[in-house]
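Coordinate analysis (summary)
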Number of protein chains: 2
Amino acid sequence: MSSTVSPLAPKNVPDMPVIAGVRLATAEAGIRYKNRTDVLLAIMDKGTAVAGVFTKSKCPSAPVEWCRAKLKGGKARALVVNSGNANAFTGKTGRGSTALTAKIAAKAVGCSESEIFLASTGVIGEPLDATKFDGVLGRLAETAEAGDYLAAAKAIMTTDTFLKVATATVKLGKAKVTINGMAKGAGMIAPDMATMLSFIFTDAPIAPAALQALLKAGVEDTFNAVTIDGDTSTSDTLLAFATGAAAEHGAPKISRASDPRLKAFTKAFNQILANLSEQVARDGEGARKLVEITVEGAKTKASARKIAMSIANSPLVKTAIAGEDANWGRVVMAVGKAGEPADRDKLSIAFNGIRVAKSGARDPSYDEAQVSEAMKAPEIAIKVSLGLGKGRDRVLTCDLTKEYVAINGDYRS
Amino acid sequence: MSSTVSPLAPKNVPDMPVIAGVRLATAEAGIRYKNRTDVLLAIMDKGTAVAGVFTKSKCPSAPVEWCRAKLKGGKARALVVNSGNANAFTGKTGRGSTALTAKIAAKAVGCSESEIFLASTGVIGEPLDATKFDGVLGRLAETAEAGDYLAAAKAIMTTDTFLKVATATVKLGKAKVTINGMAKGAGMIAPDMATMLSFIFTDAPIAPAALQALLKAGVEDTFNAVTIDGDTSTSDTLLAFATGAAAEHGAPKISRASDPRLKAFTKAFNQILANLSEQVARDGEGARKLVEITVEGAKTKASARKIAMSIANSPLVKTAIAGEDANWGRVVMAVGKAGEPADRDKLSIAFNGIRVAKSGARDPSYDEAQVSEAMKAPEIAIKVSLGLGKGRDRVLTCDLTKEYVAINGDYRS
């Protein structure tokens, strides 16, 4: 948690309603930080469905392996999240820590260990002393309440400079259902997954398979379309929990993601994913500019995505934006290195709506003063038109500043 | 050209001998810089063989397209290099500039335009006014002499902080032949090619096809194994010229790269490529540490290369090294995101010979103070042992410092 809030932080934090069937509690377990909460326990009512998507790292953390295995049951009773230590690359000790944490949590909540979901974030390669949860989780289970989502979002932060939450209330059948989400970033963010940790809670009665399908589809253009530094965490975890409590008020039970009654819910769900993942980009380490990269006219959407990611991850593009320089030459470089079909002489590039390059050369109407003024904005939209086909995609990133280097060059000390 | 020389610069600049059949001259053409040379003309004797490898960018510069086309002839009479403007992404104007430059050079040298090779480095997206070469190239052709390679290497610099040359003298048959090389970096360096511009000259009598085969094989573990920021330039060009003048002293004419008489030459040639590409890494923008990454025990060499590059291009690994932090957790992250076969629990990692991680966890003998002391060295060797197979590879990179951001956030102003 930094003392300086990102200038790109949302102006307002929403009021977070209660989600029936979910209780939360946080504590200071002293994992690494002093004088701040670093453990979150979320307890869900019996019958809660769970879905999850995780890092594609070949070296995932112990909690990721734990969750992947438990996801098969489709049911969750509790989520334990700690910050300060990611329990990643900790060998057999790491597996022991997850097992012990789950055991302590299961006892505290009164459920099976296979219904416990775990996430850890922070330093990797350091053993996590799960005995620190002993006692703590028991007290949390006793005091858990229907809901301080802001406190929960705060407890899972690491280098984040602001807490990230989003909420939506929408009709499912004739009943009102609520979706709450939280996320933490802010470095080592790259698809896939894009954020280190994010959790969604809803009282909608959605079966595990349907929830999983919703989540998998929803991340594609949200969390998986965000990159901070191209570095994929070993711990990236996005879990969604559906308690089903709204069934009591008449919400229909949904067993398929394609159920037409789910339309409004799906839209709201995806908006929450989009909102949270944008907040992650807004809190990229050292970020001073939110950068939206749109690539259109590519051969396919996948090709557009690859080119957009090449631009988004280019240190030269990112430092140019930090320097408020509309250096479209570097954008061309990043298009060229993506390896996807591109015709230099058909390329057009615009920064914040001002076209700077056209047909493979500087736009004749290019006005450096006008563009320089536009580059001072905190949000920069780069649009690249390839002129080859109908493939289009959009990704979010941030600039690369000296502050990023400072944060990451001195993280452990 | 920076006023502060990289602390990683070689201590000594070698004396560069003359290459029979090559004459050089430099001038201030005022392309972009003031009060420094920015154009190099190298004139080669008739019959000089040429070979080249270029950027794999889908949006190459006009000079790259020019050279690729002319390479088919296999013969070169002159090389014109300018710094300050890369003539990249300049549309039809760019093609016009290369054609005009070649025309001026051909007239000055007295040869066919198809024997002129061109390279440009500097800002991209700005039209290059080739009329500035008019007169200049004529004067250079008149004054060209057998050899100031240091002045030549200086004229092609952009953000380089030191000039990069290498030389070797070796037996070919019973005759002595000489190889001289020069290169310029220092940002936007990534395979393939690794450097923006590099030129090799030799008096050995080697036919174009053999020279091309030598060059292609030689770059794989040298220039293509160096990355500064993962950004591939639109202009990367490596040309080799063999005048054949040593045939007069009895050097045998070589028509195949596999000719056993070429063994010593090949070794020296590859050493020059290795030397120059290492100098490029030593002059990475803002670099304070030279980083050698060795991956062993991978399934294949290609897999080892991909993992080594993932580590070398990770901003989190690079900033950790800038912070003198042996953050092997980030190395694990970079191994994991490479997508190549890796077993977390078999991984071992060493920094400068000190093993910090073993069998998927912190090495029991890990001594933070010892490792911290080792990380203060200007050269950092990271060795990753995967324990899966016999694939091994090595790449060079540098750290990511605030200075990199400063250099690239304010390049154009």
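This text follows the structure it describes.
Structure report, in brief. No experiment lies behind these values; they were computed from the predicted model shown.

A closer look at the interface of chain A and chain B
- Contacts between chain A and chain B engage 63 residues on the former and 63 residues on the latter.
- On the surface where chain A and chain B come into contact, there are 6 salt bridges.
- With its nearest N and O atoms 2.8 Å apart, the salt bridge here joins Arg95 of chain A to Asp345 of chain B.
- Between chain A and chain B we count 12 residue pairs in polar contact (both at pLDDT 80 or more) in total.
- Secondary structure elements with two or more residues in the side of chain A that touches chain B: helix 1 (62-70), helix 2 (91-109), helix 8 (315-322), helix 9 (328-337), strand 13 (361-362) and helix 11 (402-409) of chain A.
- Here the side of chain A that touches chain B takes 8 residues from helix 9 of chain A, the largest share from any one element.
- Residues of the side of chain A that touches chain B, tallied by class, amount to 25 nonpolar, 20 polar and 18 charged.

A few points about the sheet that holds strand 1 (residues 22-27) of chain A
Residue and element names in this part refer to chain A.
- In space, the 4 strands of this open sheet follow the order 1-2-4-5, with mixed pairing throughout. Each edge of the sheet is formed by a strand with only one pairing partner; in this case those strands are strand 1 and strand 5 (116-123). Ignoring which end each strand starts from, the neighbouring axes of this sheet average 10° apart.
- Sheet topology note: the strand 1/strand 2 (residues 39-44) ladder contains 6 bridges and is antiparallel. In the strand pairing of strand 2, Val22 is matched with Met44.

Focus: the packing of aromatic side chains
- Taken as a whole, this structure holds 10 aromatic pairs over all chains when the rule is applied.
- Every member of this aromatic cluster is reached through a ring pair, and the members are Phe117, Tyr149, Phe201 and Phe241 of chain A.
- In this structure, Lys164 of chain A is placed above the aromatic ring of Phe162 of chain A, and the distance from its NZ or CZ to the ring centre is 4.4 Å.
- Positioned over the ring face of Trp66 of chain B is Lys70 of chain B, at 4.4 Å from the centre of the ring.

Considerations on the sheet that holds strand 8 (residues 197-202) of chain B
Residue and element names in this part refer to chain B.
- The strand order across the open sheet built from 5 strands is 3-9-8-7-6, with neighbouring strands paired in mixed fashion. Each having just a single partner strand, strand 3 (49-54) and strand 6 (164-172) make up the two edges of the open sheet. On average, each strand axis in the sheet is inclined to that of its neighbour by 15°, with strand direction left out of account.
- In the sheet, strand 7 (residues 175-184) pairs with strand 8 via 6 bridges, with the strands oriented antiparallel. By the bridge assignment for strand 8, Ala183 is matched with Ser198.
- Against the sheet, helix 5 (residues 208-220) touches strand 3 and strand 9 (237-242), its axis set at about 30° to strand 3.

What counts as what
Residues numbered from 1 in each chain as written. Chains lettered and ligands numbered in written order. Predicted model: local features only at pLDDT ≥ 70, side-chain atom pairs only at ≥ 80, totals over all residues. Heavy atoms only, no water. Contact = heavy atoms within 4.5 Å. Salt bridge = Lys/Arg side-chain N within 4 Å of Asp/Glu carboxyl O. Polar contact = N/O pair within 3.5 Å; in protein donor to acceptor, adjacent residues only side chain to side chain. Helix = DSSP H or I, 4+ residues; strand = E, 2+ residues; numbered from the N terminus. Nonpolar A, V, L, I, M, F, W, Y, C, P; charged D, E, K, R; others polar. Pairing = 2+ DSSP bridges. Axes fitted to C-alpha atoms, helices over the stretch in contact; angles between N-to-C directions. Phe/Tyr/Trp six-rings, centres within 6.5 Å; stacked < 30°, edge-to-face > 60°. Lys NZ or Arg CZ within 6 Å of the ring centre and 35° of its normal.

Purely geometric numbers; function is a separate question.
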